[in-house]
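# Remarks on the overall topology
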Amino acid sequence: MARILDGKETAEALRSTLMARLDALRRAGKEPHLAIILAGDSKPAAMYTAFMQKVAAGYDIPVRLVKEPETVTEAVLLADVAALNEDEAVTGILLMMPLPRGIDEGRVVETMDPDKDIDGLTTMNSGRLASGKEGLFPCTPRACMAILSHYGIETDGRRAVVIGRSNVVGGPVAQLLQRANATVTVCHSHTKDLASVTREADILVAALGRPETVTVDMVKPGAAVIDVGISRVSGRTVGDVAFAEVKDVAGAITPVPGGVGSVTTTMVIEALITAAERQR
């Protein structure tokens, strides 16, 4: 049976390092301060906002919530972002998605100061990632890398396959794996004979957003499987990987829930600290 890659354990292991960095910032007179923009009636966005507030409170980090109704105009949201950009007390901005209908998400994202863009959504941060420069990068892909690092799973010279090419998860995690010297293949809906590609992976990242799509015949024996997906099926919370069958073949696997998602919020805190350090 595969070793379980526990996200909660990974997050807890990161805590002492993050607290030390926070203490150093506070001694220097720089207090990290997170602003969350929550616009509209999305229940998942509201739940994530509440959870993120709880996580920040665990680090004694203040959170400013900018709440706008479903009827908010784009002009108001742009003004909200601009005000947070100019506020020197705010070190990071987290923009909750989705935004209400009629709002140009891209325009709102690009209004954010890239150095306060905690989830790495801006074109500037995407470019920094692609060109090998330092920046603020998407938190879920960084959570995947943090889990691999915590459990000592080697990336250098290993074959990695990422299923999914979104700008939020698939693309960035592939770039981060390349930075870690893995040889990376990105698969998507047009990939022919997907299973033959995924079976070559020493590290398999499933980020396609379809429940239990990755089955046992798609996994190389002994591979590390990182499941980014989360869905509700018949009252159960499941990932993109058919966990019950894949765990008997994989060498290591993240559970859902309790895997990548448990580390993502910690990566938000880490990004906020990084932003504050650079702003100082």
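Data block above holds the structure.
Now for a description of the structure that goes with this document.

Buried within helix 5 (residues 123-130) we find Asn125, Arg128 and Leu129. One face of helix 5 carries all of its buried residues, which in axial projection span an arc of 100°. Looking at helix 5, the residues exposed on the side facing more than 90 degrees away from the buried face are Thr123 and Ala130. Buried residues belonging to helix 5 abut helix 7 (170-179). Positive phi shows up at glycine 132, right after helix 5, with a value of about 80°.

Attention now goes to the pairing of strand 4 (residues 92-95). Successive residues of a regular strand alternate their side chains across the two faces of the sheet. Because side chains alternate across strand 4, one face comprises the buried residues Gly92 and Leu94, and the other comprises Ile93 and Leu95, equally buried. Across 4 bridges, the pairing between strand 2 (residues 34-39) and strand 4 is parallel. Its bridge partner lying in strand 4, isoleucine 36 is registered against leucine 94.

Turning next to the packing of helix 6 (residues 139-150) against helix 7. The N-to-C vectors of helix 6 and helix 7 enclose an angle of 40°; their axes lie 8 Å apart at closest approach. In this view, helix 6 runs oblique relative to helix 7, as classed from their interaxial angle. Two packed elements cross with a definite hand, and for helix 6 against helix 7 that hand is right-handed. For the pair helix 6 and helix 7, contact is made by Pro141, Arg142, Cys144, Met145 and Leu148 and by Pro172, Val173, Leu176 and Leu177, respectively. The residue makeup of the contact of helix 6 with helix 7, split by class, is 8 nonpolar, no polar and 1 charged.

The rules behind these values
Residues numbered from 1 in each chain as written. Predicted model: local features only at pLDDT ≥ 70, side-chain atom pairs only at ≥ 80, totals over all residues. Heavy atoms only, no water. Buried < 20%, exposed > 50% of the residue type's maximum accessible area, 1.4 Å probe, protein only. Helix = DSSP H or I, 4+ residues; strand = E, 2+ residues; numbered from the N terminus. Arc of directions from axis to C-beta. Contact = heavy atoms within 4.5 Å. Pairing = 2+ DSSP bridges. Axes fitted to C-alpha atoms, helices over the stretch in contact; angles between N-to-C directions. Parallel < 35°, antiparallel > 145°, perpendicular 65-115°, else oblique. Left-handed = near helix turned anticlockwise from the far one by under 90°. Nonpolar A, V, L, I, M, F, W, Y, C, P; charged D, E, K, R; others polar.

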